[in-house]
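Coordinates in review
One letter stands for each residue in the lines below.
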Amino acid sequence: MQVIDLQANGLCKRFGKAAPVFLGLDFSIRQGDCVALVGANGTGKSTLLRCCLGLIAPDAGRISLLGMTMADLGPAARRDLRARTGLVGQKHNLVPRLSVLSNVIHGFLGRHSGPRYWVHSLAPAWARAAAMTALEKVGLADLALRRADQLSGGQSQRVAIARALVCNPRFLVADEPCASLDPQAGEEVMALFMTLVKREGVTVLFTSHNVQHALSYGDRILGLQGGRIAIDAPSADVTPLEMAKLYG
Amino acid sequence: MDSSARTLPHRFNRPGGIGFVSYVIVAFAILWSLEGAGWSVDRLLSSPPKLADFFSRAWPPSTHNLERLAWKMVETLQIAVAGAAIGIVLSLPIALLAARGVLVGRGVNLVVRIILGFIRAVPDLAWALVFVVAVGLGPFAGMLAIAIDTIGFCGRFFADDMENTDPGPAEALTATGARRIDIAASAVIPAALPAFVSTSLFGLEKAVRASTILGLVGAGGIGIELKVGFDLFDYPTAMTVILMIAVVVIGVEQIGAVLRQKIIGPGR
């Protein structure tokens, strides 16, 4: 029997008095799936991703993540749930003045609280070793002590990926992880990201404006248009023309 | 291009009704305030001879008590540095409580910001009077006054600095289940650190300026020498004190500017 990692029912969201971002979304994501969420600007992709992680509350509807209903959880239970998730944003979102190693060690903060996980100098040996292993996986172990604001865009995104993967999350959300990178760096980072998450068996929901990325890396396509799901199909069944219509 | 065919935009916009009334109210408030402040052209025009008389009696500055005055200036700087250091350290936890969206809810933010507003509303000289009553005459009262004044200043601006950091790193850590205290310590404070340094240096400059006059109310430092100089019509000594204060304040400001430039670069 397939385990469902994310189940969304009747999700609605609007900001202020503006038109609803989305209305009555229903979808589910199975464990180990890699789902590409696509749609034109302003269709609510980033908002939907944040709703899935409980960073934004939907106006209506239910989200069940890893078997738990987000709205029913108290702060502590929500933190425990999030400790099994991760977010890779398009802006990398590293702490600029801290070292690469400290930024990766921050990935443990969901499971371990306290000053020992604030900077790498104070971190336990096992956490430093695990963070170095994560950095080796993204090919940046030799830059562990460099300040995050001295990295290139591609390197920053690799560090963000290492931070997201260091505590072995089960569910990962990536919001246009290549949007701020040049095409070549974007290809490299996307290929690395997908190789790592598929090797680790992580369930992934990612957004991308790159149709080729969505079709080649996503097992399934979720297409948003006009506040509703216009496409929900295996990527092999989605034609480039259907994808183009989403942006039309 | 034929410019005559095109209507040029107005150089100025005519104010609307509310705008016009606002200008009138502001102008009236300024005139009313000038009257309340005893604005007098006659007195202003008669002041240069009196000022010249003061300078002629104060110049050259006295060098008789230079060593004693120098030690008083050292005490003044000690009051400023100790008070500012204590104030800056205490400001950080207070600012964490005052910053919206960092550690605690909006209700606590509001209460802490009101308290910080009250601290800032009371002038440093008034705090010095309060602490002279509480702990007695001398530099300790001055140091406490500087510390509380620094908390009012740095507490508010540290909080603003934290609120203005990029929310992205904090969001990424929130998504991993990190607690608010961990997010504040790992993402918000490191990102706000350059602004903290800048604010702290401004706080120190403010403390040095304030500490030079605390002596007027018996809270230590060189201010008492200024008061005695004027009370006894010893203008040369008063001039020496004024010049020492100016040199020290300008020196501290210049050092602060250089440190700010080195630590966070131009722009603040």
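The residue count restarts for each chain, going from 1 along the sequence in the order it is written. Lettering of chains starts at A and numbering of ligands starts at 1, both following the order in which they are written. Reporting of local features is limited, given that this is a predicted model, to residues whose pLDDT is at least 70; pairs of side-chain atoms are given and counted only at 80 or more, and all residues count toward the totals for whole chains, interfaces and linings. No hydrogens and no water enter the side-chain calculation; it runs on all heavy atoms of the structure.

**Brief notes about the overall build of chain A**
Basically, it comes down to this: Helix and strand labels come from DSSP, where a helix needs a run of H or I of at least four residues and a strand needs a run of E of at least two; each type is numbered from the N terminus. In this description the radius of gyration comes from C-alpha coordinates, and the expected globular size is given by 2.2 Å times residues to the power 0.38. In this analysis, two residues are considered to be in contact whenever any of their non-hydrogen atoms come within 4.5 Å of each other. Note on areas: these come from Shrake-Rupley sampling with a 1.4 Å probe, and a residue is covered only by the protein chains present in the view. In this tally Asp and Glu are treated as negative and Lys and Arg as positive; neither His nor the chain ends contributes. To locate a charge, take atom NZ for lysine, CZ for arginine, CG for aspartate or CD for glutamate.
Looking only at helices and strands, chain A has eight helices and 10 strands in total. Here chain A has a C-alpha radius of gyration of 18 Å; the compact-globule value for 248 residues is 18 Å, and the two agree. Across its three principal directions, the C-alpha atoms of chain A cover 50 × 45 × 40 Å. Across chain A, the fraction of contacts at a sequence separation of at least 24, relative to all contacts at a separation of at least 6, is 65%. If you sum the accessible surface of chain A, you get close to 10,400 Å²; carbon and sulfur atoms cover 53% of it. Distance between charge centres in chain A, computed from 27 positive and 19 negative side chains, equals 8 Å.

**Regarding unusual backbone geometry**
Quick note on the threshold: The classification of residues rests on relative accessible area computed with a 1.4 Å probe and restricted to protein chains. Under 20% of the type maximum is buried, over 50% is exposed, and intermediate values are partly exposed.
For the bond running from Trp59 of chain B to Pro60 of chain B, omega is 0 degrees, close enough to zero to count as cis. Backbone geometry at His92 of chain A places phi at a positive 70 degrees, although glycine is not the residue there. Its location among the elements puts His92 of chain A in the loop between β6 (85–88) and α3 (100–105). Relative accessible area serves as the criterion here: at 12%, His92 of chain A is assigned to the buried category.

**Here we look at a nonpolar patch on the surface**
Residues and elements named next belong to chain B. Here is the rule: The patches described consist of residues with a relative accessible area above 30% and no salt bridge, like charges being joined within 9 Å and nonpolar side chains (Val, Leu, Ile, Met, Phe, Trp, Tyr) within 5 Å. Only one rule defines a salt bridge in this text: a Lys or Arg side-chain nitrogen within 4 Å of an Asp or Glu carboxyl oxygen.
On the surface, a nonpolar cluster with roughly 820 Å² of combined accessible area is contributed by Val26, Ile30, Leu31, Leu34, Trp39, Val41, Leu44 and Leu45. Taken together, the elements giving at least two residues each to the nonpolar patch come down to α1 (17–36) and α2 (41–58). Among the elements that make up the nonpolar patch, the one with the highest residue count is α1 (four residues).

**Here's the deal with the sheet that holds strand β5 (residues 68–69) of chain A**
Residue and element names in this part refer to chain A. Applied cut-off: At least two DSSP bridges between two strands are required for those strands to pair. Lines fitted to the C-alpha atoms define the axes, with helices restricted to the stretch that makes contact. Angles between their N-to-C directions range from 0 to 180 degrees.
The four strands lie next to each other as β2-β1-β4-β5, forming an open sheet whose pairing is antiparallel. With partners counted over all chains shown, the strands left at the sheet margins are β2 (22–30) and β5, one partner each. In the sheet, strand β1 (residues 4–13) pairs with strand β4 (residues 60–65) via five bridges, with the strands oriented antiparallel. Residue pairing across strands places Cys12 opposite Ala60, the latter belonging to β4. Where helix α1 (residues 45–52) meets the sheet, it contacts β1, β2 and β4, and its direction lies at approximately 60 degrees from that of β2.

**Description of the environment of Gly154 of chain A**
All names here are of chain A. Structurally, Gly154 is set in helix α5 (residues 153–165). Overall, the relative accessible area of 15% leaves Gly154 in the buried class. For Gly154 and Gly39, which are 115 residues apart along the polypeptide, the C-alpha to C-alpha distance reads 24 Å. Once residues within four sequence positions are removed from consideration, Gly154 is found in contact with Leu181 and Val189.

**So, the packing of helix α5 (residues 124–135) of chain B against helix α6 (residues 139–163) of chain B**
Residue and element names in this part refer to chain B. Test applied: Each angle is binned into one of four classes, with values under 35 degrees roughly parallel, values over 145 roughly antiparallel, values of 65 to 115 roughly perpendicular, and all other values oblique. Left-handed describes a crossing whose near helix is turned anticlockwise from the far helix by less than a right angle; the clockwise case is right-handed.
For the pair α5 and α6, interaxial distance at closest approach is 8 Å and the crossing angle is 135 degrees. When the axes of α5 and α6 are compared, the pair comes out oblique. The handedness of the crossing between α5 and α6 comes out as right-handed. Within the contact between the two elements, α5 uses Asp124, Trp127, Ala128, Phe131, Val132 and Val135 and α6 uses Phe140, Ala141, Leu144, Ala145, Ile148 and Asp149.

**Quick notes on the nonpolar core**
Basically, it comes down to this: What we call a nonpolar core is a set of buried Ala, Val, Leu, Ile, Met, Phe, Trp, Tyr and Cys residues that are connected through their side-chain atoms within 4.5 Å.
Residues Leu135, Phe193, Phe206 and Ile221 of chain A together with Met162 of chain B are the most contacted members of the largest nonpolar core, which totals 109 residues. Setting aside its immediate chain neighbours within four residues, Ile221 of chain A contacts Ala36, Val38, Ala214, Leu215, Ile231, Asp232, Ala233, Ser235, Val238 and Met243 of chain A.

**With respect to the sheet that holds β6 of chain A**
Residue and element names in this part refer to chain A. Spatial ordering of the open sheet is given by β6-β7-β8-β3-β9-β10, a layout of six strands whose pairing is mixed. Edge positions in the sheet fall to β6 and β10 (228–234), since each has one partner strand and no second. On average, each strand axis in the sheet is tilted by 15 degrees relative to the strand beside it, whichever way the strands run. Looking at chain direction, strand β9 (residues 220–225) and β10 are connected through six bridges and run antiparallel. By the bridge assignment, Leu222 is partnered in β10 with Asp232. Its contacts with the sheet put α5 on β6 and β7 (171–175), and the angle it makes with β6 is roughly 170 degrees.

**Here's the deal with the domain arrangement of chain B**
All names here are of chain B. Note the cut-off: Domain start and end points were adopted from an automatic or database domain assignment. In short, buried area is how much 1.4 Å probe accessible area vanishes from two parts on joining, totalled over both. By the criterion applied in these results, polar contacts are pairs of N or O atoms within 3.5 Å in which, for protein atoms, one can donate a hydrogen and the other can accept it, and in which residues neighboring in sequence qualify only through two side-chain atoms. Each residue gets one label: Ala, Val, Leu, Ile, Met, Phe, Trp, Tyr, Cys and Pro are nonpolar, Asp, Glu, Lys and Arg are charged, and the others, such as Gly, are polar.
As assigned here, chain B comprises domain 1 (17–58) and domain 2 (66–264). Taking only C-alpha atoms into account, the centre of domain 1 sits 31 Å from that of domain 2. Taken together, the contact pairs four residues of domain 1 with four residues of domain 2. Ranking the residues of domain 1 by area buried against domain 2 places Phe54, Arg57 and Ala58 at the top, with a combined share of 93%. Across the contact surface, domain 1 and domain 2 share zero salt bridges. Joining domain 1 to domain 2, the criterion identifies zero residue pairs in polar contact (both at pLDDT 80 or more). Looking at side-chain class alone, the side of domain 1 that touches domain 2 contains three nonpolar, no polar and one charged residues.

**Some thoughts on the pattern of salt bridges**
Residue and element names in this part refer to chain A. Tallied over the full model, the rule gives 23 salt bridges over all chains. Of the charged contacts in the structure, one is a salt bridge between Asp5 and Arg170, with a shortest N-O distance of 2.4 Å. Taken together, the residues Asp5 in strand β1 and Arg170 in the loop between α5 and β7 connect sequence positions 165 residues apart. Its relative accessible area of 0% is what places Asp5 among the buried residues.

**Side note on the interface of chain A and chain B**
Taken together, the contact between chain A and chain B spans 24 residues of the former and 21 residues of the latter. Summed over both partners, the interface of chain A with chain B comes to about 2,000 Å²; 59% of that surface belongs to carbon and sulfur atoms. For chain A, the biggest contributors to the area lost against chain B are Arg79, Arg97 and Trp118 of chain A; these three give 28% of the whole. Applying the counting criterion to the chain A and chain B interface returns two salt bridges. Across the salt bridge formed by Arg50 of chain A and Glu171 of chain B, the nearest N and O atoms sit 2.6 Å from each other. Remark: the boundary between chain A and chain B carries seven residue pairs in polar contact (both at pLDDT 80 or more). Contributing elements (two or more residues each) for the side of chain A that touches chain B: α2 (75–82) and β6 of chain A. Top contributing element to the side of chain A that touches chain B by residue count: β6 of chain A, with three residues.

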